[in-house]
Amino acid sequence: MENLKHIITLGQVIHKRCEEMKYCKKQCQRLGHRVLGLVESLEMLQDQGKRSVPSEKLTTATNRFKAALEEANGEIEKFSNRSNICRFLTASQDKILFKGVNKKLNDVWKELSLLLQVEQRMPVSRISQGASWAHEDQQDADEDRRAFQMLRRDNEKIEASLRRLEISMKEIKETLRQSLESSSGKSPLERSRLKVKNVKTGSASGCNSDEIYKLVAVKQQQEPLGEDCPSELREIIDECRAHDPSVRPSVDEILKKLSTFSK
């Protein structure tokens, strides 16, 4: 009976893993449903253990069920990896998961059903008749294949959108760089660096440091931009260096404005 307990526990673990599978959900859930149905029959057999000892044939059948469960566990581990499931669905012609496992479970179901009814006078499990399993498996495989194809198309659309966005960002950066280039070959940023480097405290319009602080911090005055700065770009710069941080545009808003400006 200890072996029976181990088989039941293993079946419950596999059922739970099947319910948690992210890919080919229909086929995984079907496998879990079938395993659980057989486990429930073994649980009834376990409850009757004290009154009726399983025969050698029944023990052999449960051992075959255990072997099928161990194989199913390995298949679930394999197909829980996205790359493995994608490779299988792309390469296989029939695209049916757990084909060998389901065949073994079908054989076990037939054997256990007969033995439980004859020897233990117990009802068969609630799972569907084994004869219909092949039809169910094909239906599940077709539905999983359609879901896989839709997911792959969605991923391709996302990747294409990301590529277009990357190209657009490069075009915007290049357009902005060209717009900032001056006729002398220096950008406004380069000229500003030269100006800042040559300015000494107290030399700007005769203002000392206290007066400069009052102009910037109190009166919130801004350093005027050069006359060669385009009006559209001037507006963007003024918004970005607004005294109140809450009114400054976000990165997305800046990129949108730059995109419009570049056109």
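The coordinates are above.
Residues numbered from 1 in each chain as written. Predicted model: local features only at pLDDT ≥ 70, side-chain atom pairs only at ≥ 80, totals over all residues. Heavy atoms only, no water.

(A) Quick peek at the layout of surface pockets. Volume-wise, the second largest pocket comes out at about 180 Å³. Along its surface, the second largest pocket is lined by K22, Y23, C24, K25, K26, L89, E143, D144, A147, F148 and L151. For the lining of the second largest pocket, the secondary-structure elements that each account for two or more residues are α2 (25-47) and α6 (133-180). Ranked by the residues each element gives to the lining of the second largest pocket, the list is headed by α6, at five residues. (1 Å grid on protein atoms, 1.4 Å probe; cavity = no way out; pocket = protein on both sides within 12 Å on 5 of 7 lines; lining within 4 Å. Points joined across faces, edges and corners; volume = space filled by probe spheres on them. Helix = DSSP H or I, 4+ residues; strand = E, 2+ residues; numbered from the N terminus.)

(B) Spatial organisation of the pattern of salt bridges. Throughout the structure, instances matching the rule amount to 10 salt bridges. Between E136 and R30 there is a salt bridge, with its nearest N and O atoms 3.7 Å apart. Separated by 106 residues along the polypeptide, E136 in helix α6 and R30 in helix α2 bring together distant segments of the chain. By relative accessible area, which is 24% here, R30 ends up partly exposed. Across the salt bridge formed by E166 and K170, the nearest N and O atoms sit 3.8 Å from each other. One end of the pair is E166 and the other is K170, both in helix α6 and four residues apart, which spans about a single turn. The class for E166 is partly exposed, based on a relative accessible area of 46%. K170 sits in the exposed class, given a relative accessible area of 54%. One network of salt bridges, with partners in common, ties together R30, R34, E136, D137 and D140. (Salt bridge = Lys/Arg side-chain N within 4 Å of Asp/Glu carboxyl O. Buried < 20%, exposed > 50% of the residue type's maximum accessible area, 1.4 Å probe, protein only.)

(C) Quick look at the environment of R34. Its location among the elements puts R34 in helix α2. As for R34 and N106, which are separated by 72 residues in sequence, their C-alpha atoms are 9.1 Å apart.

(D) Structural context of the packing of helix α1 (residues 2-20) against α2. The N-to-C vectors of α1 and α2 enclose an angle of 155°; their axes lie 8 Å apart at closest approach. Relative to α2, the element α1 lies roughly antiparallel. Crossing hand, α1 versus α2: left-handed. Contacts between α1 and α2 involve L4, K5, I7, I8, G11, Q12, I14, H15, C18 and E19 from the former and C28, Q29, L31, G32, H33, V35, L36, V39, L42, E43, L45 and Q46 from the latter. By residue class, the composition of the contact of α1 with α2 is 12 nonpolar, seven polar and three charged. (Axes fitted to C-alpha atoms, helices over the stretch in contact; angles between N-to-C directions. Parallel < 35°, antiparallel > 145°, perpendicular 65-115°, else oblique. Left-handed = near helix turned anticlockwise from the far one by under 90°. Contact = heavy atoms within 4.5 Å. Nonpolar A, V, L, I, M, F, W, Y, C, P; charged D, E, K, R; others polar.)

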